[in-house]
Amino acid sequence: MNKLPRVFCSLRINHRLFTPLTTISFSNAQKTLRHYCQGQTNKEMILTPKSTEQDDHQYEEDIKKSILVKALDFVLKTGWSIESLAHGAEAVGYPGVAHGLFPNGGGDLVHYFNITCNEKLVEQMKSWPKEELQESKVPAQLIENAIMTRLLMIEPYKSTWPKAMAIQTLPNNVPNCLATLLSLVDDICYHTGDRSVDFNWYIRRVGLAGIYKASELFYLTDNSQSNSGTRSFVKSRIRDAELIQIALNVNPVAVAPQTLTAAFVTAKNMLGMNTLK
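Residues numbered from 1 in each chain as written. Predicted model: local features only at pLDDT ≥ 70, side-chain atom pairs only at ≥ 80, totals over all residues. Heavy atoms only, no water.

Caption draft 1: Structural context of the overall build of the protein. Counting secondary structure elements, the protein contains 11 helices and 3 strands. Counting helices and strands in the order they occur from the N terminus, the protein gives α-β-β-β-α-α-α-α-α-α-α-α-α-α. By the burial criterion, 38% of the 277 residues in the protein qualify as buried. Relative to all contacts within the protein whose residues are 6 or more apart in sequence, the contacts with residues 24 or more apart total 64%. As displayed, the protein offers around 16,200 Å² of accessible surface, 60% of which is attributable to carbon and sulfur atoms. (Helix = DSSP H or I, 4+ residues; strand = E, 2+ residues; numbered from the N terminus. Buried < 20%, exposed > 50% of the residue type's maximum accessible area, 1.4 Å probe, protein only. Contact = heavy atoms within 4.5 Å. Areas by Shrake-Rupley, 256 points an atom, 1.4 Å probe, with all protein chains shown as cover.)

Caption draft 2: A look at the pattern of salt bridges. Counting across every chain of the model gives 10 salt bridges. In this structure, Lys126 engages Glu123 in a salt bridge whose closest nitrogen and oxygen atoms are separated by 3.4 Å. Glu123 gets classed as exposed once you look at its relative accessible area, which sits at 52%. Salt-bridge contacts for Glu216 lead to Lys213; the nearest nitrogen and oxygen are separated by 2.6 Å. Note that Glu216 and Lys213 are positioned in helix H9 (residues 200–220) at a spacing of 3 residues, about one turn of the helix. We note that Glu216, like Lys213, is buried. Linked by salt bridges that have partners in common, Asp186, Asp194, Arg204 and Arg205 make up one network. (Salt bridge = Lys/Arg side-chain N within 4 Å of Asp/Glu carboxyl O.)

Caption draft 3: How the structure looks around helix H6 (residues 140–152). The end-to-end C-alpha distance of H6 is 18 Å, a good match for the 18 Å that 13 residues give at a rise of 1.5 Å each. Here H6 has its buried residues at Leu142, Ile143, Glu144, Ala146, Ile147, Met148, Thr149, Arg150 and Leu151. (Expected span 1.5 Å × (residues − 1).)

Caption draft 4: Geometry of the environment of Trp128. Considering the arrangement of structural elements, one finds Trp128 in the loop between helix H5 (106–125) and H6. Here Trp128 falls in the buried class, since its relative accessible area comes to 18%. Once the C-alpha coordinates of Trp128 and Thr192 are considered, the two residues, 64 residues apart in sequence, prove to be 8.4 Å apart. Contact partners of Trp128, with chain neighbours within four places excluded, come to Leu142, Asn145, Ala146 and Thr149.

Caption draft 5: Main features of the packing of aromatic side chains. The tally for this structure, following the rule as stated, stands at 7 aromatic pairs. With a centroid separation of 4.6 Å and an interplanar angle of 10 degrees, the aromatic rings of Phe218 and Phe233 are classed as stacked. Of this pair, Phe218 sits in helix H9 while Phe233 sits in helix H10 (residues 228–250), and the two are 15 residues apart along the sequence. Taking the relative accessible area as the measure of exposure, Phe218 reaches 30% and is therefore partly exposed. Of the residues examined, Phe233 reaches a relative accessible area of 19% and is grouped as buried. An aromatic cluster of at least three residues, connected via ring pairs, comprises Trp80, Phe113, Tyr157 and Trp161. Directly above the aromatic system of Tyr219 lies the positively charged group of Lys158, at a separation of 4.3 Å from the ring centroid. (Phe/Tyr/Trp six-rings, centres within 6.5 Å; stacked < 30°, edge-to-face > 60°. Lys NZ or Arg CZ within 6 Å of the ring centre and 35° of its normal.)

Caption draft 6: Broad picture of the packing of H5 against helix H7 (residues 161–168). Two numbers describe how H5 lies on H7: the axes approach to 9 Å, and their chain directions differ by 110 degrees. If you check the angle between H5 and H7, you find them roughly perpendicular. Contacts between H5 and H7 pair Gly106, Gly107, Val110, Phe113 and Asn114 from the former with Trp161, Ala164, Ile167 and Gln168 from the latter. (Axes fitted to C-alpha atoms, helices over the stretch in contact; angles between N-to-C directions. Parallel < 35°, antiparallel > 145°, perpendicular 65-115°, else oblique.)

Caption draft 7: Molecular detail of a nonpolar patch on the surface. Judged by side-chain polarity, Phe199, Trp201 and Tyr202 come together as a nonpolar surface patch covering roughly 370 Å² of accessible area. Tracing the backbone shows Phe199 in the loop between helix H8 (174–191) and H9. Among the residues examined, Phe199 registers a relative accessible area of 59% and is labelled exposed. (Patch = residues over 30% accessible without salt bridge, like charges linked within 9 Å, V, L, I, M, F, W, Y side chains within 5 Å.)

Caption draft 8: Highlighting the nonpolar core. Counting 48 residues, the largest nonpolar core has Ile67, Leu72, Trp80, Leu109, Ile147 and Trp161 as the members making the most contacts within it. For this core, the elements supplying multiple residues, two or more each, are helix H2 (49–71), helix H4 (82–91), H5, H6, H7, H8, H9 and H10. Broken down by element, the residue count for this core peaks at 8 residues, all from H5. Among all residues touching Leu109, those that are not within four sequence positions of it are Leu68, Ala71, Leu72, Val75, Trp80, Ser84 and Leu85. (Core = buried A, V, L, I, M, F, W, Y, C linked by side-chain atoms within 4.5 Å.)

Caption draft 9: Molecular detail of unusual backbone geometry. We note that Ser226 has phi near 55 degrees; this positive angle belongs to a residue other than glycine. Summarising the element assignment, Ser226 is placed in the loop between H9 and H10. One non-glycine residue, Asn227, adopts positive backbone phi at about 55 degrees. Within the secondary structure, Asn227 is located in the loop between H9 and H10.

Here's what the structure looks like:
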């Protein structure tokens, strides 16, 4: 970890040009930077420490993003690993040791892929027809389309995705895994018409998270034409969710134990604990 500042510094030196003949004077409030060039009037630029820190942070984020984008091209060959990150860094002109910018290694690469796919799904859903979600109505077709659209984004990396799922269950990667999953189901619920502000808000999102993770596992083993088996599986799980919603609306007390059990199993599925030994 102590090498990272030096790595980052070397990256900046290799990729930035410095203006010669520059003098810098410091004060408690700000930094004054003067440039002296032949044939030009002296120019003064005021840089506050805060803006400089923001620029440095943005520069580092841009470096990381460019590396992650290229690293995805090597996933099929070297997997969700630091090797892919190193190859990605070299592909954009940085030394392979730049993979040290990613403390979680392959976990950061998986996280970036999930965020990118979620953003693509949101952009697609914005163009879908909207409908208000009623008290006991589940927009089954819209949810089914959203889940299938998101699952098919994994297709180029399907052969390596079991490893990616295993990486997400590591303790240091679980927070990012849960964050992207909850963000995904929240976006799906919102863009399929859910505007609830009561306890149903939680029920629908937790239920959808369980459906998505179960469908993801099924999808990895589905060899049917056009993934018809996965679509049928998703339909069945959504139908089960509709029955649970109806039962909760009719007699919430009677079905409370089953609901809590289902929530516990869902949480284990989200973390992959039901499949890992």
